[in-house]
Amino acid sequence: MSELWNYLRANQSDIARWTWTTVWLAGGALVAGLIIALPLGWLANRYRWTYPPLVTLAGLIYTIPSIVLFVTMPGVLGTKVLDPINVGVALTAYTVALMVRVVADGLSSVSGDTLAAAAAMGYTGRQRLFAVQLPISIPVIGAGLRVAAVSNVSLVSVASLVGVEQLGALFVRGSEQGALVPIVLGVIIVMVLAFAFDAVILIGVRLLTPWQRAVRAR
Amino acid sequence: MIRFESVTKKYPDGTVAVDHLDLVAPSGQITVLVGPSGCGKTTSLRMINRMIDPSSGRIWLDDRDTAKGRPSQLRRGIGYVIQHAGLFPHRTVIDNVATVPLLLGTGRREARAQALELLERVGLPANFADRYPAQLSGGQQQRVGVARALAADPPVMLMDEPFSAVDPVVRAQLQEEFLRLQGELGKTIVFVTHDIDEAIKLGDQVAVMRVGGTLAQLATPAELLSRPADAFVAGFVGRDRGYRALGFAEAGELPLTDEPVVRLGEELSTACDRARDGWTLVVDAESQPQGWLGVRGLAVDAQRGSVTPELLNLGGTLATESGTLREALDAALSSPSGRGVIVHEGGSFAGTVTASEVLARIEARAAGVRHEAESYTADVLAGGSTHNAGSTHNAGAAP
Ligand SMILES: Nc1ncnc2c1ncn2[C@@H]1O[C@H](COP(=O)(O)OP(=O)(O)OP(=O)(O)O)[C@@H](O)[C@H]1O
Ligand SMILES: [Mg+2]
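Residues numbered from 1 in each chain as written. Chains lettered and ligands numbered in written order. Predicted model: local features only at pLDDT ≥ 70, side-chain atom pairs only at ≥ 80, totals over all residues. Heavy atoms only, no water.

Caption draft 1: Representation of the overall build of chain A within the structure. When its secondary structure is counted, chain A shows ten helices and zero strands. In chain A, the succession of helices and strands from N to C terminus is α-α-α-α-α-α-α-α-α-α. Referenced to the eigenvectors of the C-alpha coordinate spread, the extents of chain A come out at roughly 65 × 45 × 20 Å. Sequence separation of 24 or more characterises 74% of the internal contacts of chain A that already satisfy a separation of 6 or more. When the accessible surface of chain A is split by element, carbon and sulfur atoms take 71% of a total near 11000 Å². (Helix = DSSP H or I, 4+ residues; strand = E, 2+ residues; numbered from the N terminus. Contact = heavy atoms within 4.5 Å. Areas by Shrake-Rupley, 256 points an atom, 1.4 Å probe, with all protein chains shown as cover.)

Written as structure tokens, this is what we have:
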């Protein structure tokens, strides 16, 4: 235990920097991925024939090993090999791949009666989407987002293999030096981060869905 | 007034749901669309507020062609209630009710104040305002649905089987309150149901539709029962229609017999003295009938006490003077003494009638109807107009 502590103290500034990089890579990709997945998921739900191709495509992206995606990004984007943007974009792609289906399923989980009533009250199509359909899908979308967040946090560490410095550097160091301490420390920090992401999303969903709590308490 | 002008709806898959429908729903009245499943009731209803667009034909709202203008604008002026209420699960009851006023630009505070008033109007306590729909029973949700449809005070209301998902007791209650509310508000209502009894209870006029989306008969409830247009309507209107039709026939001046009564609290011996055929009618201080006292069943020593509510037989129903033949007959048939109790409008005792007296009245009335029917048949045979589509006259309702 004290060894972990000592190691942390000794490498304080490195670890802080790496943690920060991990947070913004995983978090930024999560937000960007969600923003892209929302219209795609809407499309898949609104025009049902687009659902199978979109969801299949998303599934395919998800099966590409992360290291392959990280390595090919500079070629696709024309960025420098060591640019963290490569990692950010690759993680965004994973998030989109995961969230398109979640958003589409969330939107289609809203009951037909509710949608018919909204139309009958005189909501325009857009008002209906933003004021009724989207809010009601928040629990489903939130659940998907939690999975994507944890997945992103753990995927970030793979980026060490393409030279982007973040918490994964602890694992590289550990294996290079044959030392257990940095690896254990890395695992702990990654887990805490994943947990923190999860908690933030959970709290956000709770705040946005007071009706769910009221019903559960019944 | 809502007017269908040769409206047809053909779905993309080729199903003709509504076929050249001509129909007028008069202002301030309840028009019920009824018919077997799949006959195009919902389709017809949804074409009025353009949730479904007709393939051909026009629908007029007063003198406005509904096809002109934006659908969302049109809908904000038309209340709509659907079967499972379709409340917004993520909004509180009061925000559900305030939906349309908010869409129309009413301030939040004002919209909520109105919504609160409406909740009371549909019989929900104010402390329901902050609940979510899932915290309400089906019947309560349906009331919220009605309140939401009424919130912007639209002149027109469309209701698609609003009461069919609740149990019979609650349904009867909701129907009563609906009629009371309509009595106060006088909206132009199109009401869809597959339940002919509901149609007959609620409709000022009833449109019976058949599968394929055509109109089988448009008539008042009484006319529908007494003169179904064809075998389909007769079958759909169902059994007991002779008896049910009595529910639309005013009893008129029945030959009332006065009856010696006793008040609650009087001596039992007095009650025994006044009994006829072993039964005495008991009233309260306001002369309102409370029940029948069967004096033959009383033990001798019990006759020393006074008349208490526990001793009464409550089996008989009451009919009002201005009521229908059905009520009067039911009062006579259900009375343990065989004498049906008729009360004045205020509830005080007016007199009694026997079943045979009511039947005599029914016979006399039937003779009149037969006579009318003969001349009607003669009319039809002579090529005169049939009395169906578009007519709202009240044939058969007068004694
Ligand atoms: N979107 C649609 N596409 C194709 N056919 C449809 C569609 N909606 C309804 N129909 C068909 O149109 C006919 C009329 O349907 P509608 O929903 O109006 O019936 P309904 O009288 O309301 O029946 P119910 O009492 O069961 O509600 C039915 O045969 C139905 O299958
Ligand atoms: Mg229907």
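Next comes the rest of the description.
Caption draft 2: Focus on the sheet that holds strand 2 (residues 16-25) of chain B. Residue and element names in this part refer to chain B. If you walk across this open sheet you meet the four strands as 2-1-4-5, and the pairing is antiparallel. Lying at the two open borders of the sheet, with one neighbouring strand each, are strand 2 and strand 5 (64-65). Across the sheet, helix 1 (residues 41-48) is in contact with strand 1 (2-10), strand 2 and strand 4 (56-61); its angle to strand 1 comes to roughly 120 degrees. (Pairing = 2+ DSSP bridges. Axes fitted to C-alpha atoms, helices over the stretch in contact; angles between N-to-C directions.)

Caption draft 3: Focus on the side chain of Asn-152 of chain A. Residue and element names in this part refer to chain A. By secondary structure assignment, the location of Asn-152 is in helix 7 (residues 125-156). Given the relative accessible area of 1%, Asn-152 is considered buried. Polar side-chain contacts of Asn-152 include one of 3.1 Å to the side chain of Thr-95. Ignoring any residue separated from it by four or fewer positions in sequence, one finds Asn-152 in contact with Ala-26, Ala-29, Leu-30, Leu-91 and Thr-95. (Buried < 20%, exposed > 50% of the residue type's maximum accessible area, 1.4 Å probe, protein only. Polar contact = N/O pair within 3.5 Å; in protein donor to acceptor, adjacent residues only side chain to side chain.)

Caption draft 4: A look at the site of ligand 1. All names here are of chain B. For ligand 1, the full set of nearby residues is Tyr-11, Asp-13, Thr-15, Ala-17, Ser-37, Gly-38, Cys-39, Gly-40, Lys-41, Thr-42, Thr-43 and Glu-161. Between ligand 1 and the protein, one listed contact pairs an oxygen atom with a side-chain N or O atom of Ser-37 at 2.5 Å. At 2.8 Å, a backbone N or O of Gly-38 approaches an oxygen atom of ligand 1. Notes on ligand 1: free accessible area 640 Å², of which the protein chains cover 61%. Of the residues forming the shell around ligand 1, the biggest block, three residues, is contributed by helix 1. (Near = heavy atom within 4 Å.)

Caption draft 5: Structural context of the pattern of salt bridges. Residues and elements named next belong to chain B. Applying the stated criterion across every chain, the model contains 19 salt bridges over all chains. A salt bridge links Arg-58 to Asp-65; the shortest N-O distance between them is 2.7 Å. Overall, Arg-58 belongs to the partly exposed group, its relative accessible area being 38%. Look at Asp-65 and you get buried, because its relative accessible area is 7%. (Salt bridge = Lys/Arg side-chain N within 4 Å of Asp/Glu carboxyl O.)

Caption draft 6: Up close: the pairing of strand 15 (residues 339-343) of chain B. Residues and elements named next belong to chain B. Within strand 15, five of the five residues are buried, which leaves the element mostly enclosed by the surrounding structure. Where burial is concerned, the two faces of strand 15 agree: the one with Arg-339, Val-341 and Val-343 and the one with Gly-340 and Ile-342 are both buried. Alignment of strand 14 (residues 318-320) against strand 15, held across three bridges, turns out to be parallel. Residue pairing in the sheet places Thr-320 in a bridge with Val-343 of strand 15.

Caption draft 7: The domain arrangement of chain B, seen in detail. Residue and element names in this part refer to chain B. The domain boundaries assigned to chain B delineate domain 1 (2-248) and domain 2 (261-358). Of note, the centres of domain 1 and domain 2, computed from C-alpha atoms alone, are 42 Å apart. Between domain 1 and domain 2, the contact holds four residues from the first and five residues from the second. Together, Tyr-243, Leu-246 and Gly-247 form the three largest contributors to the area buried by domain 1 at its contact with domain 2, with a combined 88%. Linking domain 1 with domain 2 are zero salt bridges. Joining domain 1 to domain 2, the criterion identifies one residue pair in polar contact (both at pLDDT 80 or more). Of the residues that constitute the side of domain 1 that touches domain 2, the class distribution is two nonpolar, one polar and one charged. (Domains from an automatic or database assignment. Buried area = accessible area lost by both parts, 1.4 Å probe. Nonpolar A, V, L, I, M, F, W, Y, C, P; charged D, E, K, R; others polar.)

Caption draft 8: Geometry of unusual backbone geometry. Residues and elements named next belong to chain B. Unlike most non-glycine residues, Arg-50 shows phi in positive territory, near 65 degrees. Residue classification places Arg-50 among the buried residues on the basis of a relative accessible area of 15%. The phi dihedral of Asp-153 is positive, around 50 degrees, even though this residue is not glycine. Among the secondary structure elements, Asp-153 is positioned in the loop between helix 6 (138-150) and strand 7 (156-160). What makes Asp-153 exposed here is its relative accessible area of 54%.

Caption draft 9: Expanded view of the pairing of strand 8 (residues 188-193) of chain B. All names here are of chain B. Along strand 8, six of the six residues are buried, which leaves the element largely enclosed by surrounding structure. With burial as the criterion, each face of strand 8 is covered, one bearing Thr-188, Val-190 and Val-192 and the other bearing Ile-189, Phe-191 and Thr-193. Of the strand pairs in this sheet, strand 7 and strand 8 are connected by five bridges, and their pairing is parallel. The residue bridging Met-159 from the neighbouring strand is Phe-191, located in strand 8. At this point the chain moves from strand 7, through helix 7 (residues 168-185), to the parallel strand 8, and the crossover so formed is right-handed. (Right-handed = clockwise from strand over helix to strand, strands pointing away.)

Caption draft 10: Highlighting the nonpolar core. Residues and elements named next belong to chain A. Ranked by size, the top nonpolar core spans 51 residues in total, and within it Leu-30, Val-87, Leu-91, Met-99, Val-153, Leu-167 and Leu-170 carry the most contacts. Of all elements in the fold, only helix 1 (2-10), helix 2 (12-46), helix 3 (51-63), helix 4 (66-77), helix 5 (84-108), helix 7, helix 8 (168-177) and helix 9 (181-208) reach the threshold of two or more residues within this core. Broken down by element, the residue count for this core peaks at eleven residues, all from helix 5. Once residues lying within four places of it in the same chain are set aside, the contact partners of Leu-167 are Ile-15, Trp-18, Thr-19, Thr-22, Ile-189, Val-190 and Leu-193. (Core = buried A, V, L, I, M, F, W, Y, C linked by side-chain atoms within 4.5 Å.)

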